[in-house]
Amino acid sequence: MVRQLWLLDIALEIEDGKPIAWLWCKDSLGETYVVKKEYSPNFYIVGDVVEEIVAFLKTHGYRVEEVSRKIRGRSVKAVKVYVNVEDVESIAKKIIKNMKNVEVYEEDVRPSIKFLLENRVKPSGDIIVHESMFKEQGSLKIIETDKVEYAGVSTLPPLKIMSLDFVYYSEAGSPRPERDPVILISLITSSGEKIQLSGDEKKILREFVEIVERDDPDVFVSFSSNRLHWNYLQERARRHGLRLTIGRLSSEPHTSIHGHVSIRGRINIDLEDMAKDIPELTVETLEEFVDYLGLKLELDTVEEWEVAETWKKNPERVKKYSMQKAEALLKCFEVLKEYIFSLSELTGIPADYVLTASTGFRVENYLMYLAVELGELIPKKPEITPTPYVGGLVKSPEPGLHKDVAVVDFRSMYPSLMIKYNISFDTLSDDGEYVSPNNYRFKKEPEGFLPRALKTLIEERRKIQQKLRTLDPNSTEARVLDARQRAIKVISNAIYGYTGWAGARWYTREVAEATTSWGRHVIMESMKKASELGMKVIYSDTDSLFLQNYTGKIEKFLKWIEEDLGLEAKLEKIYKMVIFTEAKKKYAGITSESIIDIVGLEAVRGDWSYIAREAQRDTVKTLLETGNVHEALKISKNYIKKLINREVELRKLIIWKQITRSLDEYEATQPHVNVARQLVQEGWKIQPGDKVGYIIVKGSGPLYKRAKPYFKVHPEEVDWDYYIEKQVAPACLRVLEPLGVKIEELKSIGGTSLMDFF
DNA sequence: TGTAGGCATCCATACCTGTCGCT
DNA sequence: AGCGACAGGTATGGATGCCT
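Residues numbered from 1 in each chain as written. Chains lettered and ligands numbered in written order. Predicted model: local features only at pLDDT ≥ 70, side-chain atom pairs only at ≥ 80, totals over all residues. Heavy atoms only, no water.

**Section: the protein's contact with DNA strand B**
Threshold: Think of it this way: one heavy atom of a residue within 4 Å of a molecule or strand is enough to make that residue near it. Counting of polar contacts relies on pairs of N or O atoms within 3.5 Å, with two restrictions inside protein: one atom must be capable of donating a hydrogen and the other of accepting it, and residues adjacent in sequence are counted only when both atoms are side-chain atoms. What counts as a helix is a DSSP run of H or I of at least four residues, what counts as a strand is a run of E of at least two, and both are numbered from the N terminus.
Around DNA strand B, the structure places 27 residues, and the nearest of them are Ser358, Lys381, Gly391, Gly497 and Lys584. The sugar-phosphate portion of DNA strand B accounts for 79% of its atoms within 4 Å of the protein, the bases making up the rest. Note that a sugar or linking oxygen of DNA strand B is positioned 3.2 Å from one of the backbone N or O atoms of Tyr389. A distance of 3.3 Å is found between a phosphate oxygen of DNA strand B and a side-chain nitrogen or oxygen belonging to Arg734. Residue assignment for the surface near DNA strand B shows that the elements contributing at least two residues are α11 (359–374), α14 (476–499) and α20 (720–736). Ranked by the residues each element gives to the surface near DNA strand B, the list is headed by α14, at four residues.

**Quick notes on the sheet that holds strand β16 (residues 267–270)**
Operational definition: At least two bridges found by DSSP between two strands are what make those strands a pair. Structural elements are reduced to axes, namely lines fitted to C-alpha atoms, with helices fitted over the stretch in contact, and the angle between N-to-C directions of any two is expressed from 0 to 180 degrees. Note on contacts: a residue pair qualifies if any of its non-hydrogen atoms lie within 4.5 Å across the two residues.
Read across the open sheet, the five strands follow the order β12-β11-β10-β13-β16; overall the sheet is mixed. Both edges of this open sheet fall to β12 (194–198) and β16, since each of them pairs with a single strand only. If you compare each strand with its neighbour and ignore which way they point, the axes differ by 20 degrees on average. Across three bridges, strand β10 (residues 161–168) lies against strand β13 (residues 219–222) in parallel orientation. Looking at β13, one finds that Ser163 is bridged to Val221. Sitting on the sheet, helix α5 (residues 225–239) is in contact with β10, β11 (182–188), β13 and β16, with an inclination near 70 degrees to β10.

**Some remarks on the domain arrangement of chain A**
Interface extent is often summarised as the accessible area lost during association of the parts. Selection rule: What counts as a domain boundary in this text is fixed by an automatic or database domain assignment. Buried area is calculated as the accessible area (1.4 Å probe) missing from two parts once they are joined, with the contributions of both summed. Salt bridges, as used here, are contacts in which a Lys or Arg side-chain nitrogen is within 4 Å of a carboxyl oxygen on Asp or Glu.
The assigned domain composition of chain A is domain 1 (2–150), domain 2 (161–356), domain 3 (381–591) and domain 4 (619–757). Computed over C-alpha atoms only, the centres of domain 3 and domain 4 are separated by 37 Å. On the domain 4 side, the residues contacting the nine residues of domain 3 number nine residues. Summing the contributions of domain 3 and of domain 4, the shared interface buries around 740 Å²; its carbon and sulfur component is 88%. Scanning the region where domain 3 abuts domain 4 turns up zero salt bridges. For the interface between domain 3 and domain 4, the tally reads zero residue pairs in polar contact (both at pLDDT 80 or more). Every element with two or more residues in the side of domain 3 that touches domain 4 is listed here: β18 (400–410), β23 (569–580) and β24 (587–591).

Written out as structure tokens, the structure is:
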């Protein structure tokens, strides 16, 4: 019998000493299957004397195969060695110990991933299973097979989703599993039932496990579970002599790669992983995430530092918030699921941890599929110290206010150049016909590995976009396709960067360097051409041009780019007015549709106080909408007045900064580092990646001594002067100064200098 | 287990210079 | 006059978060 099933996750399990691939699947009715297929992990040996190696291995009882493969496009003979163990790496090491002049390949690729690569199947897609044995074990259907094929993407099967929120009780600092109990679990089951467990901890945990077993969800959705919750719960359970058997077949969670916790047979989605990936978010909380997704949800936030106190005084508030979070998580997942599964199918990384994997690994996994298809061996990560190379070209802007400016962008410049000049690790050659401006050479033929990958991606995206135009944008199909085209874009845009990443298996600096050098060449030629056509280049960054006096010329320019450069460029927008300072990568403009863009300035930086950002945004808005410097100056002054009168809420004074390393690795004591150290002293857990919020208070000495955790600050102790002098005034002045406003004008209020106040 | 480089900006810190008090 | 302490100014580089 043949079945078509949706692949949810893969694991390699050892049964009776044999490695078996377990494919966790769903059918179109939502039934759960385990498809079992024997699998021999394997690796390759490449050397001069293939016959000898084969003979040697055969006498030692290994199953071997002599095969033709490629290394960076060059054909080689290789020996494929099958080993029936999970730990391929150490056995490979042992086998080649006494061999000379050999190289080993793919012993470091995880067997479960290799199973997928070699069988050409992708998670979050449909597989065709030729069944040789079928049995039922409880509600689980088990199939044994010796053949699976890939059927591609199809509609999602019905999945049972459970969303979760956990609350712990800690009197001082962050909760610690060795000390502080779980006091509340809020969850929504797949049937929509809302449950809150509180009271005796042992009872809570036991009930939780029971509910999971009964409901048997396919997906867990939570926030911070990889970093915190699963390990915490497991430790608490252990203390009560319980096992946290929330995985299928009564298994416990276990920590896997990429800092991810894996739960057998289920997809464990931690939306915090996704939040961390979104650059628009500054503090990466669930609240911010919900907001970013445009979901209008009410969350009556109880912050971490006030949980214990609130629980004592008003437990209902904590309960309400916790359930609101569980509801929000469910809604987020609804919006995001298409994207998550698309990204999983495209890259071949199981949905379970595709969010945890970094961009580099997503790209790499995608490339590994192509490698197997083309017979290219997967190289190891290089052991090198990366040498920096030159990137994009940025032209200094002309400071001041400019009217009527057209912005022209090259469309995916780096991918296009890589395709155009066949830039790839396997075409790099001293006798290549394409010579980059910095003198690297690439062969014209055959088509390179990376250009091929890029073409495939771009072509698929083009097809999807074409299809999308015929669909109702609100239909399910449109949502799925849109998610997929976004996933494709992410991967194709990251391929250039991947080649310059020292952690990449296919790291090739020449490729990255040649790409940017062609990029600089193209933008310089374009600036020249624009000037020749009579336009004025106000500013340019990497692949964009800001042009004045463009009427009747820009069409010619775009045509020239297409015909003479063989690239695509687009008139992205027109600014009715745009303001530049002396600095690169910072400007603000108002488009022909009257939309205000603020780029690079303090107003869009998460490490400035809200009040400074608000003041600058307001000033810029007035400036661009009225074109009146005096009006804008008035706005700025108003903000300063508000600070003088102490009429600003404390939360607008918080400055958030990220902790990027362990606290003892810092050479310089910065305010947020000092605050973090204080918090750690008080029992708070602070890890790299955490954001610390502080307010500057009155006092003497260096700034870092005057920074205090925001939730401990009283209005009387705030150093208002700091917020005027170092936050609001500089931010406003940044955009006013290029228009001739002097600092004294900003600070003189009602004829007297502001200085008189202090 | 980090796609890339280019850039501005703030602030701590090291260093430099001039002044002053003391011998 | 010579020396050291110290204040004040300046150059440098660590750190962060943005842009394309």
